[in-house]
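Here's the letter readout for the chains.
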Amino acid sequence: QVQLVESGGGLVQTGASLRLSCSASGDTFSNYAVAWFRQAPGKEREFVLGVSRTGGSTFYGDSVLGQFTISRDNSKKMVYLQLNSLKPEDTAVYYCAATDRKAMLTKPSQYDAWGQGTQVTVSS
């Protein structure tokens, strides 16, 4: 099993950018596809972006297409989420998750390992 720790969240103004990081430890990191989810107060956890085991493929949630990007560095056991042009509706706790399944998955129940989350707050 892999363990995940997110960092990089904070309070920013509308239009700002942030880069979130997800650090992995434990099992062989390149065996896992990784995704970012977010959860706003009172809402369900929402798929944001995912990246394949090698980093060669990425898949986007409909709500952030073109606004956020994901990347990974397997040599460092890191996955990054670049948040651009942030809006107040992007305010949420952002979670990193990993799965050893081979498909590109978008449901929280399909992921086996989760970090504790990092808060992103965008002020208007």
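The structure reproduced in this document is the subject of the present report. (Residues numbered from 1 in each chain as written. Predicted model: local features only at pLDDT ≥ 70, side-chain atom pairs only at ≥ 80, totals over all residues. Heavy atoms only, no water.)

Overview of the overall build of the protein
The helix and strand inventory of the protein stands at zero helices and 11 strands. Radius of gyration (C-alpha) of the protein: 13 Å, near the 14 Å computed for a compact globule of 124 residues. Projected onto its principal axes, the C-alpha positions of the protein cover 40 × 25 × 25 Å. Counting every position in the protein, which comprises 124 residues, the buried fraction comes to 44%. In the protein, 58% of the contacts between residues at least 6 apart in sequence involve partners at least 24 apart. (Helix = DSSP H or I, 4+ residues; strand = E, 2+ residues; numbered from the N terminus. Rg over C-alpha atoms; globule rule 2.2 N^0.38 Å. Buried < 20%, exposed > 50% of the residue type's maximum accessible area, 1.4 Å probe, protein only. Contact = heavy atoms within 4.5 Å.)

Re the state of the cysteines
In total, this model carries one disulfide according to the counting rule given. The disulfide partner of C22 is C96, and the gap between their sulfur atoms is 2.0 Å. Looking down the S-S bond of the C22 and C96 bridge, the torsion is -70°, so its handedness is left-handed. With C22 in strand β3 (residues 18-26) and C96 in strand β9 (residues 92-99), this pair connects stretches of sequence that are 74 residues apart. (Disulfide = S-S within 2.5 Å.)

Observations regarding the environment of Q119
Assignment of secondary structure puts Q119 in strand β11 (residues 118-123). Distance in space between the C-alpha atoms of Q119 and L83 is 13 Å, their sequence separation being 36 residues. Those residues in contact with Q119 that sit more than four places away from it in its chain are G9, G10, T91, A92 and V93. A distance of 3.3 Å separates polar atoms of two side chains, one belonging to Q119 and the other to T121. (Polar contact = N/O pair within 3.5 Å; in protein donor to acceptor, adjacent residues only side chain to side chain.)

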